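# Coordinate inspection notes
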Amino acid sequence: MNLKYERDPVEQAVLDWECAIEKWKKVAVGQARKSARFKAWEASQKKVHMRNKTSAVMAETIVKSGLDWETRFAEVTIGDIEVEAAKKMMDIARAKWETGRTNAVTLRSLQ
């Protein structure tokens, strides 16, 4: 016996919304970890320079002027963009759910 269950648009929208939330959560947690690693790396680099009697301002300038900092900072910034994109997809999924729900209510009231 092979029964196929077809989801109505509202149910599918809820499932899509749940998937979007899970994806956002995964991307956001990954980005939080990436950001924390970057901040720890940056602080350790500054600390090395400051141990050599360099001022905090000069140590920060030295660290931020290096190519390694630029690459790492770009990775964190790209991760931030990915989190925002996932948020937007979550918002779109929610809007689709709201549209489907509104349509279902309208159809019920017309019947």
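Fair warning: this is a prediction, and the values are worked out from it, not measured in the lab. (Residues numbered from 1 in each chain as written. Predicted model: local features only at pLDDT ≥ 70, side-chain atom pairs only at ≥ 80, totals over all residues. Heavy atoms only, no water.)

The number of helices and strands found in the protein is 3 helices and 0 strands. The order of α-helices and β-strands along the protein, N terminus first, is α-α-α. Against the compact-globule benchmark of 13 Å for 111 residues, the protein has a radius of gyration of 24 Å, which places it well outside the compact range. When the backbone C-alpha atoms are referred to their principal axes, the protein occupies close to 80 × 35 × 20 Å. For the protein, the proportion of its 111 residues judged to be buried stands at 19%. Taking the contacts inside the protein whose residues are at least 6 apart along the sequence as the reference set, 71% of them involve residues at least 24 apart. Carbon together with sulfur atoms contributes 59% to the accessible area of the protein, which is approximately 8800 Å² in total. Between the averaged position of the 21 positive side-chain charges in the protein and that of its 16 negative side-chain charges there is a distance of 6 Å. (Helix = DSSP H or I, 4+ residues; strand = E, 2+ residues; numbered from the N terminus. Rg over C-alpha atoms; globule rule 2.2 N^0.38 Å. Buried < 20%, exposed > 50% of the residue type's maximum accessible area, 1.4 Å probe, protein only. Contact = heavy atoms within 4.5 Å. Areas by Shrake-Rupley, 256 points an atom, 1.4 Å probe, with all protein chains shown as cover. Lys, Arg positive; Asp, Glu negative; His and termini not counted. Charge placed at Lys NZ, Arg CZ, Asp CG, Glu CD.)

Interaxial distance between helix α1 (residues 9–51) and helix α2 (residues 56–64) falls to 9 Å at its minimum, and their mutual angle equals 125 degrees. By the angle class used here, α1 and α2 are oblique. Seen along the crossing, α1 lies across α2 with a hand that is right-handed. Residue-level contacts link Trp41, Glu42, Gln45, Lys46, His49 and Met50 of α1 to Ala56, Ala59, Glu60, Ile62, Val63 and Lys64 of α2. Its residues assigned to classes, the contact of α1 with α2 comprises 6 nonpolar, 2 polar and 4 charged. (Axes fitted to C-alpha atoms, helices over the stretch in contact; angles between N-to-C directions. Parallel < 35°, antiparallel > 145°, perpendicular 65-115°, else oblique. Left-handed = near helix turned anticlockwise from the far one by under 90°. Nonpolar A, V, L, I, M, F, W, Y, C, P; charged D, E, K, R; others polar.)

A few words now on the nonpolar core. In this structure, Phe38, Trp41, Val63, Trp69 and Val76 together form the largest nonpolar core, which totals 5 residues. Elements that contribute at least two residues to this core include exactly α1 and α3 (67–110). Here valine 76 is in contact with Gln31, Lys34, Ser35 and Phe38, once residues within four sequence places are set aside. (Core = buried A, V, L, I, M, F, W, Y, C linked by side-chain atoms within 4.5 Å.)

So, on to α3. The end-to-end C-alpha distance of α3, which contains 44 residues, comes to 64 Å, matching closely the 64 Å that a straight helix rising 1.5 Å per residue would cover. Listing the buried residues of α3 in full gives Trp69, Val76, Gly79, Val83, Ala86, Met90, Ala93, Trp97 and Gly100. (Expected span 1.5 Å × (residues − 1).)

Take the pattern of salt bridges next. The tally for this structure, following the rule as stated, stands at 5 salt bridges. A salt bridge links glutamate 60 to lysine 46, with the shortest nitrogen-to-oxygen separation between them at 3.8 Å. Taken together, the residues span a long stretch of sequence, with glutamate 60 in helix α2 and lysine 46 in helix α1 at a distance of 14 residues. (Salt bridge = Lys/Arg side-chain N within 4 Å of Asp/Glu carboxyl O.)

Our focus in this paragraph is unusual backbone geometry. Phi at lysine 53 takes a positive value of approximately 70 degrees, unusual for a residue other than glycine. Its location among the elements puts lysine 53 in the loop between α1 and α2. The class of lysine 53 is exposed, set by a relative accessible area of 78%.

We now examine the side chain of glutamate 42. As for its position among the elements, glutamate 42 is in helix α1. No salt bridge forms around the buried glutamate 42; measuring N to O, its nearest opposite-charge neighbour lysine 46 is 4.2 Å away. Filtering out sequence-adjacent residues up to four positions away, glutamate 42 remains in contact with Val63, Lys64 and Trp69.

Nothing here speaks to function; it is geometry throughout.
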